[in-house]
Amino acid sequence: MADIGWGNLTNSEGYGRLGDTKDDYKILTYDDAKVNYSTYMHGAHAMFYSTHDFTLWDLYNTRAAILMQMRFDGLLGFPGGLIDQGEEDVVSGLNRELEEEIGLDLTRFCIKDENHLVSFLHEKKNLVLHFYAKEVSMIEFREIELKSLSAPDFGSEVMGVIRPPLFTMGDGKRGLPAFLTNSFAGNAREELVYAIRHLKLLTDTDLQESLKEFEELMKSKNSSE
Ligand SMILES: O=c1[nH]cnc2c1ncn2[C@H]1C[C@H](O)[C@@H](COP(=O)(O)OP(=O)(O)O)O1
């Protein structure tokens, strides 16, 4: 296939290309990221979630609804993006992206510093990624999902919102372990796992078991390619 080049996206597209591993990302404190890495490119993504107690087919407790999205590039991620030069601060840039990507009603659901969960440094890319999580009621969650269909970026940059399954099915593989074997943008997979652990959406034992099965699935996926 002909190499069409990256055009005016040469610089910014470098951030999103495939090939990162989780070892490329190092956790930073929020203050360290803002004070000592202010000259780096910053990106920010947000997770909206609602805990609930619904049991699917009387078998699987779904525990929480989490909003993720299928992106234009076929990768899964959270809504958000790179902070533009001149934007007041990281959360202002993030809220702009949330309005564009999921049509978020900023008068009710805007992200604030207090929603910050974790930040990561990708030293080789001079990139800092911030991650925020905001809990909403199930009614509000549904409203955010539905509104995403009329967001400016729906159908172009965002192909749709999705909810990752948090349960594991009887075979030990389908559900969360199989979901984690998808391809994710940046370190979105690690952010999801971090959020599940730190917000206690699953018990440590259940999460460990899911991660063990996920590793096994990845091994068989890689060996069959
Ligand atoms: O959900 C995500 N979690 C962590 N990193 C992510 C996520 N989505 C994308 N990324 C990475 C990929 C790039 O390195 C940067 C910025 O990507 P993107 O969100 O596509 O930014 P723009 O919309 O192009 O501003 O974050």
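Computed from a predicted model, the values in this text were never measured in an experiment.

Close contacts around the ligand come from 17 residues, with Gly 77, Gly 81, Ala 185, Gly 186 and Ala 188 the closest. Among the secondary structure elements, those contributing two or more residues to the shell around the ligand are α1 (10-16), β2 (41-51), β8 (80-82), β10 (127-135) and α7 (188-198).

Note that Leu 76 resides in strand β7 (residues 76-77). Given 19 C-beta atoms within a 10 Å radius, Leu 76 is considered partly exposed. Along the backbone, Leu 76 and His 130 are 54 residues apart, and their C-alpha atoms lie at a distance of 17 Å. The residues touching Leu 76, leaving out its near neighbours within four places in the chain, are Met 68, Met 70, Asn 182, Phe 184, Ala 185 and Ala 188.

Another point: unusual backbone geometry. For Arg 63, which is not a glycine, the phi torsion comes out positive at approximately 65 degrees. Examined against the element boundaries, Arg 63 turns out to sit in the loop between β4 (60-61) and β5 (64-66). Residue classification places Arg 63 among the buried residues on the basis of 20 C-beta atoms within 10 Å.

Now for the sheet that holds strand β11 (residues 158-162). Reading across from one edge, β7-β6-β11 is the order of the three strands in this open sheet, with antiparallel pairing throughout. One side of each edge strand has no neighbouring strand; the edge strands of this open sheet are β7 and β11. Across four bridges, strand β6 (residues 68-71) lies against β11 in antiparallel orientation. When the bridges of β11 are listed, Met 70 appears paired with Gly 160.

On to the UniProt feature "domain: Nudix hydrolase" (unreviewed entry) in the protein. Here, the residues flagged by UniProt with the feature "domain: Nudix hydrolase" (unreviewed entry) are residues 39-194. In this annotation, residues 39-194 is assigned 26% helix and 31% strand; the end-to-end C-alpha distance for the span is 26 Å.

Let us look at the nonpolar core. Grouped together as the largest cluster of nonpolar side chains are 46 residues, with contacts concentrated most on Ala 46, Met 47, Tyr 49, Leu 67 and Leu 94. With six residues, β10 is the single largest residue contributor to this core. Excluding residues that lie within four positions of it along the chain, Leu 94 makes contacts with Ala 44, Ala 46, Gly 80, Ile 111 and Tyr 132.

Further remarks concern the environment of Leu 211. Along the chain, Leu 211 turns up in helix α8 (residues 204-223). Under the C-beta neighbour-count criterion, Leu 211 is labelled partly exposed, with 16 such atoms within 10 Å. As a C-alpha pair, Leu 211 and Leu 180 span 31 residues in sequence and 8.4 Å in three-dimensional space.

Glancing now at the environment of Ala 65. Relative to the helices and strands, Ala 65 resides in strand β5. If we ignore the near neighbours within four places in the chain, the residues touching Ala 65 are Tyr 49, Ser 50, His 52, Met 138, Phe 141 and Arg 163.

Confidence in the prediction for the protein averages 92 pLDDT; 92% of positions are at 70 or higher. As a predicted assembly, this complex carries a pTM of 0.92 together with an ipTM value of 0.95.

So, about α7. Every buried residue of α7 is accounted for by Ala 188, Glu 191, Leu 192, Ala 195 and Ile 196. Taken down its axis, α7 places every buried residue within 135 degrees of arc, on the same side. Buried residues in α7 make contact with β2, β7, β9 (116-122), β10 and α8.

Rules used throughout
In this convention, every chain numbers its residues from 1, walking through the sequence in written order. Only residues with pLDDT of at least 70 are given local features in this predicted model, and only at 80 or more are side-chain atom pairs given and counted; all residues enter the totals for whole chains, interfaces and linings. Nearness between a residue and a molecule or strand is assessed with a C-beta atom placed from the backbone; a distance within 6 Å qualifies. Under the scheme used here, helices are H or I runs from DSSP no shorter than 4 residues and strands are E runs no shorter than 2 residues, and both carry numbers assigned from the N terminus. Burial is judged by counting other C-beta atoms within 10 Å of a residue's own C-beta: 20 or more means buried, 12 or fewer means exposed, and anything between counts as partly exposed, with every C-beta placed from the backbone. Throughout, a residue-residue contact means that the two C-beta atoms, derived from backbone geometry, are no farther apart than 7 Å. At least two bridges found by DSSP between two strands are what make those strands a pair. UniProt positions are given in the numbering used here, feature names are shortened, and annotations may be inferred rather than shown by experiment. A set of buried residues drawn from Ala, Val, Leu, Ile, Met, Phe, Trp, Tyr and Cys, joined through C-beta atoms within 7 Å, is what defines a nonpolar core. Scored between 0 and 100, pLDDT is the confidence that the predictor attaches to each residue. By definition, the arc is the one covered by directions from the helix axis to the C-beta atoms.

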